[in-house]
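Observations on chain architecture
The chain contents come next:
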Amino acid sequence: MTELTREQIFASLRAANQVAKDWMGFGHHPFGAVLLAPDNVQILMQQGNLGVVRHAETELARRAAETFSPEFLWTCTLVTTMEPCVMCAGTIYWANIGRVVYGASEATLAKLTGTSKMNPTMDLPCNIVFESGQKAIQLIGPVVEMEDELTDPHKGFWN
């Protein structure tokens, strides 16, 4: 798998954040994800959040698994604005996506959502889910330099 440059990480997180903003404009929760091709530049798919059990990462991983071979997906990167929850991490694992980049942590998201019933977060970092499996999924995140930019769509949304 080709190393991601800092510029590629930032560019792909910004692309995922634009998806989050676009979908928020349609009344959805402000989460976004993109699937990068093995060249770390081309975006193969993008997805916003559809609902409480249809998260951006889950929907993207499912569509990717239906579209591409497991061998190809192992060379791809799923990039998401927020740390994948346990449900999303499991779906990414089963889809055989080889690398995940996320912007802000689940703990940061929990601070933003508070006790909102729209997003009852779980305190279970995705690295625990990935490390519990038999595949070595590469994980990059949180990307603290981009946290303010990536959390901006969430500010005031969960009140």
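Refer to the structure presented above.
Below: a short report on this structure.

This paragraph deals with the pattern of salt bridges. Taken as a whole and judged by the stated rule, the model has four salt bridges. Glu 149 is paired through a salt bridge with Arg 14; the nearest N and O atoms lie 2.8 Å apart. In this pair, Glu 149 is assigned in helix H7 (residues 147-151) and Arg 14 in helix H1 (residues 6-24), connecting sequence segments 135 residues apart. For Glu 149, a relative accessible area of 32% translates into the label partly exposed. Judged by its relative accessible area of 41%, Arg 14 is partly exposed.

Looking now at the pairing of strand E2 (residues 43-48). Of the pairings in the sheet, the one linking strand E1 (residues 32-36) to E2 comprises five bridges and is antiparallel in character. Bridge pairing in E2 links Ala 33 to Gln 47. Counting the residues that bridge the hairpin from E1 to E2 gives six residues, and of these Asn 40 lies at a positive phi of roughly 65°.

A few words now on the packing of aromatic side chains. Two descriptors summarise a pair of aromatic rings, namely the distance from one centre to the other and the angle between the planes of the rings. Throughout the structure, instances matching the rule amount to two aromatic pairs. Ring plane angle 40° and centroid distance 5.1 Å describe the contact between Phe 68 and Phe 72, whose orientation is recorded as tilted. With relative accessibility at 30%, the residue Phe 72 sits in the partly exposed group. Arranged with centres 5.2 Å apart and planes meeting at 85°, the rings of Tyr 93 and Trp 94 form a pair that is edge-to-face. Owing to a relative accessible area of 71%, Trp 94 belongs among the exposed residues under this scheme. Above the plane of the ring of Tyr 93 lies Lys 135, whose end atom (NZ or CZ) is 4.3 Å from the centre.

Conventions we followed
Residues numbered from 1 in each chain as written. Predicted model: local features only at pLDDT ≥ 70, side-chain atom pairs only at ≥ 80, totals over all residues. Heavy atoms only, no water. Salt bridge = Lys/Arg side-chain N within 4 Å of Asp/Glu carboxyl O. Helix = DSSP H or I, 4+ residues; strand = E, 2+ residues; numbered from the N terminus. Buried < 20%, exposed > 50% of the residue type's maximum accessible area, 1.4 Å probe, protein only. Pairing = 2+ DSSP bridges. Phe/Tyr/Trp six-rings, centres within 6.5 Å; stacked < 30°, edge-to-face > 60°. Lys NZ or Arg CZ within 6 Å of the ring centre and 35° of its normal.

Distances and angles like these do not, on their own, reveal function.
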